[in-house]
Amino acid sequence: MLRKLIVPLLLSCSALLAVDSSAPRSEYRLLSTSKTSTMEKEMNEAASAGFLFSSVMGGETAFGGKETVVVMGKVDGNPAGPAKYRLLAASKTSTLEKELNEAGRDGYSYRGVTVFESAFGGREVAVILERQANDSHPWAYRVLATNRTSTMEKELKQAGAESFRLHGMCVGKTAFGGNEVISILSKADQGSGSK
């Protein structure tokens, strides 16, 4: 009787192990800091080890205080090409848009947005950009910021008519506008030509 129970159980366990061992494994690195320059450096170090950006979150962690947390990941069997990252942070939307367009001309594309709060009380909108080594296609960016949703809708419609695509939104405290809804948009930059 016991043998009749054990044999099917062993066969079931071996079948489960065979399924698990054939599935690709994912590996992750969690990066957290209150300094934008440190985050960019750590992201590029992870990228040199084959990791790519997965997700970002800004806020207050249980032990670290006000930090930005980034998750980088890689999957076995899918080697990532070498990537480079830029983290742009600004409290003025005009400054952010200017810096985004400079990076866009160098082929950096949008990956994520959050609000970066430094340990000293500064609040900035932070955008993560990625550039693959084999892709230097230029991008044009637009940053929209308003504290009225009706105004945001009007500006999004206008940007969409100009072929801009919405990538991310957040609520940020800008230098002049206070708490505003901020939208990050981009489109292929036909005017710059290929690098």
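Our structure is the block above this text.
The structure contained in this document is the topic of the report that follows. (Residues numbered from 1 in each chain as written. Predicted model: local features only at pLDDT ≥ 70, side-chain atom pairs only at ≥ 80, totals over all residues. Heavy atoms only, no water.)

**Brief notes about the pairing of strand S5 (residues 109-117)**
Rules: Burial classes: relative accessible area under 20% of the type maximum marks a residue as buried, over 50% as exposed, and values in between as partly exposed (1.4 Å probe, protein chains only). Helix and strand labels come from DSSP, where a helix needs a run of H or I of at least four residues and a strand needs a run of E of at least two; each type is numbered from the N terminus. Here, strands pair whenever DSSP counts at least two bridges between them.
The element S5 is extensively covered by neighbouring structure, given that 7 of its 9 residues are classed as buried. Examined bridge by bridge, S5 and strand S6 (residues 123-132) share 8 bridges and lie antiparallel to one another. Within S6, the position partnered with Gly 112 by the bridge is Ile 128.

**Observations concerning helix H3 (residues 93-105)**
To keep it simple, the criterion reads: By this rule, a helix spans an expected 1.5 Å times one less than how many residues it contains. Taking the helix axis as origin, the arc is that swept by the directions to the C-beta atoms.
With 13 residues, H3 ought to run about 18 Å at 1.5 Å a step, and its terminal C-alpha atoms sit 18 Å apart, in line with that. Buried residues of H3: Leu 96, Leu 100, Asn 101, Ala 103 and Gly 104, and no others. With its buried residues spanning 165° around the axis, H3 presents them on a single face. Just downstream of H3, Gly 107 is the residue with a positive phi angle, here 90°.

**With respect to the pattern of salt bridges**
So the rule is basically this: By definition here, a salt bridge exists when the distance from a side-chain nitrogen of Lys or Arg to a carboxyl oxygen of Asp or Glu is within 4 Å.
Summed over all chains, the structure comprises 5 salt bridges. For the salt bridge of Arg 86 with Asp 106, the shortest nitrogen-to-oxygen distance reads 3.3 Å. A residue pair is termed long-range when its members are at least 10 positions apart, and Arg 86 in strand S4 (residues 83-90) and Asp 106 in the loop between H3 and S5 qualify at 20 residues. What makes Asp 106 partly exposed here is its relative accessible area of 25%.

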